[in-house]
Amino acid sequence: MKLAASMIAVASASHYRGGTLQVSQLANGKLGVTNTQTWRKGSDQYSGGCRTTASSSTSLPGRCYGGSCSSAQNAGMLYTALFVGDDYCYGDGNNELTKPSGAFNWGWDDCCWVGKTTDSGSRVSGGNMNLKMQINDVNNNTPQFKLPPLWLIMAGCANQQIDLAPVDPDGDLVRCRWATASEAEGAYTNPSYWPSLSLDTANCIVKY
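Let me begin by describing the structure that accompanies this report.

Conventions and cut-offs
- Residues numbered from 1 in each chain as written.
- Predicted model: local features only at pLDDT ≥ 70, side-chain atom pairs only at ≥ 80, totals over all residues.
- Heavy atoms only, no water.
- Helix = DSSP H or I, 4+ residues; strand = E, 2+ residues; numbered from the N terminus.
- Rg over C-alpha atoms; globule rule 2.2 N^0.38 Å.
- Contact = heavy atoms within 4.5 Å.
- Areas by Shrake-Rupley, 256 points an atom, 1.4 Å probe, with all protein chains shown as cover.
- Lys, Arg positive; Asp, Glu negative; His and termini not counted.
- Charge placed at Lys NZ, Arg CZ, Asp CG, Glu CD.
- Pairing = 2+ DSSP bridges.
- Axes fitted to C-alpha atoms, helices over the stretch in contact; angles between N-to-C directions.

**Some thoughts on the overall build of the protein chain**
When its secondary structure is counted, the protein chain shows one helix and 13 strands. Written out in order from the N terminus, the α and β elements of the protein chain read β-β-β-β-β-β-β-β-β-β-β-α-β-β. Since a compact globule built from 208 residues should have a radius of gyration of about 17 Å, the 17 Å found for the protein chain is in line with a globular shape. Oriented by its inertia axes, the alpha-carbon framework of the protein chain measures out at about 50 × 40 × 25 Å. Taking as baseline every contact in the protein chain between residues at least 6 positions apart, the subset at least 24 positions apart corresponds to 65%. Here the protein chain displays about 9900 Å² of accessible surface, and carbon together with sulfur accounts for 50% of that area. One way to put it: in the protein chain the 15 positive side-chain charges average out to a point 4 Å from where the 16 negative ones average out.

**What to know about the sheet that holds strand β6 (residues 88-97)**
As summarised here, the arrangement of the four strands in space is β1-β2-β6-β5, forming an open sheet in which the pairing is antiparallel. Each edge of the open sheet carries a strand with a single partner, namely β1 (16-25) and β5 (80-84). The sheet shows a mean angle of 15 degrees between the axes of neighbouring strands, taken without regard to direction. Relative to β6, β5 runs antiparallel, the two sharing four bridges. Bridge assignment links valine 84 to a residue of β6, and that residue is cysteine 89.

**Considerations on the sheet that holds strand β11 (residues 161-163)**
Strand order in this open sheet of three strands is β11-β13-β12, and the pairing throughout is antiparallel. In this open sheet, the two strands that pair with only one neighbour each are β11 and β12 (198-200). Averaged over all pairs of adjacent strands, the angle between strand axes in this sheet comes to 15 degrees, irrespective of strand direction. Bridge analysis of β11 against strand β13 (residues 205-207) gives three bridges, and the strand direction is antiparallel. Its bridge partner lying in β13, glutamine 161 is registered against lysine 207.

Set out below in structure tokens:
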């Protein structure tokens, strides 16, 4: 199974800051899809402001992009805020999909990721966002992990890291990698921009 999700989320002027899609097998024979979202406050899908007491006012357009699924598997994804920071909103939601007969691609895309700053101090446009998953085995569970709401890094301090700590319900071996530009559009990791970041692929730990 391949589950592609980009991970860098930084505070800046645009609005989308990060998210994940994860799949689990449900007792009713359907697929459960958990979506994690991080937004700039004010562009967070909430009418009247992001809050932890209600789900988002507007749903995200989860769509079938190919394979064995069809428009019958499209779903409007809501999420409930779990944390509201000074200028961002973080939360997750749960959805059910009728299980396709075989491998499929599913997710959503839109504009725009937050802008970013390189290690050299240059500004980089956030560009479009793309959050889609490729499911090769519809009877398997994807690795489960929580995208943290924020990772604060102190410039110039070595050996800072974030451990995603994925757990696989099926006991499958988990490996991590950076998303490519075609998978994540504006949120892929360009090594020439951020040579300070490295990824321990065996343990899913990002180091600064």
